[in-house]
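Take a look at the letters that make up each chain.
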Amino acid sequence: MKLYKISFFALAGLMTLASCNDIDEMEPASNALTEDQVKQTKEMISARAEASFSSMFNMMGLPNGVFNRTSYRADDFGFIMQHISCDAEGPDYLYDDSGYNWFSVCGEYSSRNANYANPYIRYCAPYNQIKMANDIIKDTKAATDSVSKNMLAQAHAIRAFDYLELVQYFQFNYQIAKDKPAVPIVTEETPDEQFTNNPRATVEEVFKLIMEDLNFAVANLNNSRANKTRINQQVAYGLRARANLIMGKWADAAADADKAMEGYTPAEITGPAFVDINEPNWIWGIEITQNIALIGSYATCSSWLSSFSADSYTAGAGCYAMINTLLWDKIPETDVRKGWWVDEDLHSPLLANESWGSAQGDAISTLEIDDVKMAFTPYTNVKFGMKDGIGSANNINDYPLMRVEEMILIKAEGLAKSGQETQARAILENFVKTYRDPAYSSSASGRTLADEIWYQRRVELWGEGFAMSDIMRLQKPLVRFHDENCNQPAAFRFNLPADDAWLLMRFCDSETNTNAGIIDNTGSHQPEQDQYPNLRDGVTD
């Protein structure tokens, strides 16, 4: 059995350690396996692959998944935490600067500290899942049965997803930095001795692996699957659309997005939602079962994204996820999405048919319940509801990883940047006018079409983990404020140029201490309050 020497790989290995040891301890008599031993070994490998396969998906939103329950952390919940961190580092998503804000390190950008838990979790979670994917690939790549081949294809897709989650934050955009160092590559073929000296692969090398994995997944999957937590061909197309968009392969991105969205329709916005993996606009998501939530109810998306949980950091501690007023002010009154956040008077039309106990409509905003709910603050989000109903303490909200709306916007961007601007405008306007704002015109704002599509992404995908990946791939400055008249806490009120080295993540101590091949990112410094006040991004100008 391969013993991964990088510390965090061992964490994922614990989940399947017993079955691995059973196989490894089957010593052949006289250097030869009997027929029964061969059969038993194959059965064990199949069982191990099945166990690893389920664990590979279950860990995606698992509370205390990285710290392995040795010490409870309310910010340790896999890829949901990773996406919240990336949004909290962006321009549009913010929490109060309080002692209850576990994501304050992202707001202030001390998340580059190598010995902090936040960057450690964000580095370990993808590599733990890569370890599981590699195990499955190793165990099933020679298999011929359809079940094993399906697991193999999904493992390749998951590995591509993980490297996409890493590569965008450790180096600048593919189109300007493809020859620069990104992150170490680990596959099922990486020898043991390499783990203590595994240098950073270039951005181009990482994307080569990503595309190989996704091409394999697209070629070997169909559109059947057990449920939306699993990857089918459409999800693989969607992941490849993202990768092509980052690489600047615009026409390919549009074509893949078109295949990914087939059969899905955008959400009709009538109230708080985005909490159930069975919502018809979700292509792929993380399901939070009751058993998962019980591991750590505060380490869930319900606790950090929804403003309606009766057992949460949001309502209970008043640590509400809010929108930056720079973006909120740009949303027209005719756009139903403006109601995803309460206004300065704590009003949202999307609360009209909702209730929390005896409080109905806007009264939910001002409702206060000791140790359960504090009054909303202006610009608190009401986008994310509660799966068990407003006021529930059952933190089982699911989390979207891919929605049809994202694919529509990728298609529009891909077409616009490949010279098909008329068609891109038609797709963008059809989506927004039909489902979000009947008065919409893509040219009314005066933005370029590229910036208009980015604006639509910032509004539509708010809170879903795309803020910093878009900043990095579009080579845009981080613009959080124009002057002091904004709702950013003082410590989070700063801007950063698009080429500022502090935008790049640093490697956690556990990696640099065990992997001699790592040369870390350097340069710049933690941002200072009110720095670069004259920066503008083309959207919130």
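Residues numbered from 1 in each chain as written. Predicted model: local features only at pLDDT ≥ 70, side-chain atom pairs only at ≥ 80, totals over all residues. Heavy atoms only, no water.

*Asks:* Just checking my understanding: could you explain empty space enclosed by the protein for this structure?
*Replies:* Taking a probe equal in size to a water molecule and rolling it over the atoms shows the remaining empty space. In the structure shown here, the tally under the stated rule is eight cavities of 30 Å³ or more. Here the largest cavity is characterised by a volume of approximately 220 Å³. Along the walls of the largest cavity sit 19 residues, with Q168, R242, E406, F466 and S469 positioned nearest its centre. Of all the elements in the fold, those that place two or more residues in the lining of the largest cavity are α7 (146-170), α10 (233-247), α17 (404-417) and α20 (467-474). (1 Å grid on protein atoms, 1.4 Å probe; cavity = no way out; pocket = protein on both sides within 12 Å on 5 of 7 lines; lining within 4 Å. Points joined across faces, edges and corners; volume = space filled by probe spheres on them. Helix = DSSP H or I, 4+ residues; strand = E, 2+ residues; numbered from the N terminus.)

*Asks:* Would you take a moment to explain the nonpolar core for this structure?
*Replies:* With 148 residues, the main nonpolar core has Y163, F207, I210 and W284 as its most contacted residues. Examining the composition of this core, we find that 14 residues originate from one element, α7, more than from any other. If we skip the residues at most four places from it in the chain, Y163 touches Y127, I130, V183, P184, I185, V186, V206, L209 and I210. One finds L94, L346, L367 and M386 within the second-largest nonpolar core, a separate group that totals 17 residues. (Core = buried A, V, L, I, M, F, W, Y, C linked by side-chain atoms within 4.5 Å. Buried < 20%, exposed > 50% of the residue type's maximum accessible area, 1.4 Å probe, protein only. Contact = heavy atoms within 4.5 Å.)

*Asks:* How should I be thinking about the pattern of salt bridges in this particular structure?
*Replies:* For side chains of opposite charge, pairing can occur when their charged atoms come near one another. Summed over the entire model, instances satisfying the criterion amount to 33 salt bridges. Measuring nitrogen to oxygen at the nearest pair gives 2.9 Å for the salt bridge that ties E89 to R122. In this pair, E89 is assigned in the loop between α4 (78-88) and β1 (93-94) and R122 in helix α6 (residues 117-140), connecting sequence segments 33 residues apart. Overall, R122 belongs to the buried group, its relative accessible area being 5%. A salt bridge links K411 to D258; the shortest N-O distance between them is 2.8 Å. On the criterion of sequence distance, the pair formed by K411 in helix α17 and D258 in helix α11 (residues 250-260) is long-range, its members being 153 residues apart. Residue K411 is classed as buried on the basis of its relative accessible area, which comes to 17%. Classification of D258 as partly exposed rests on a relative accessible area of 32%. Members of the salt-bridge network, linked through shared partners, are D335, R337, K383, R403, E405, R436, E460 and E464. (Salt bridge = Lys/Arg side-chain N within 4 Å of Asp/Glu carboxyl O.)

*Asks:* I tried to follow unusual backbone geometry on my own but got confused; where do I start?
*Replies:* In most cases, non-glycine residues show a negative phi, while peptide bonds are predominantly trans. Even without being a glycine, Y109 presents a positive backbone phi close to 65°. Of note, Y109 is situated in the loop between α5 (104-108) and α6.

*Asks:* Honestly, the side chain of T300 in this entry has me stumped. Any pointers?
*Replies:* Assignment of secondary structure puts T300 in the loop between α12 (290-295) and α13 (301-304). Sequence-distant contacts of T300, defined by excluding residues within four places in its chain, comprise F77, A293 and N395.

*Asks:* So what exactly am I meant to see when it comes to the pairing of strand β6 (residues 399-403) here?
*Replies:* Consecutive side chains along a regular strand alternate between the two faces of the sheet. Extensive coverage of β6 is indicated by the burial of five of its five residues. Inspection of the sheet shows strand β2 (residues 282-286) paired to β6 by four bridges, in the antiparallel sense. Of the residues in β6, the one forming a bridge with W282 is R403. (Pairing = 2+ DSSP bridges.)

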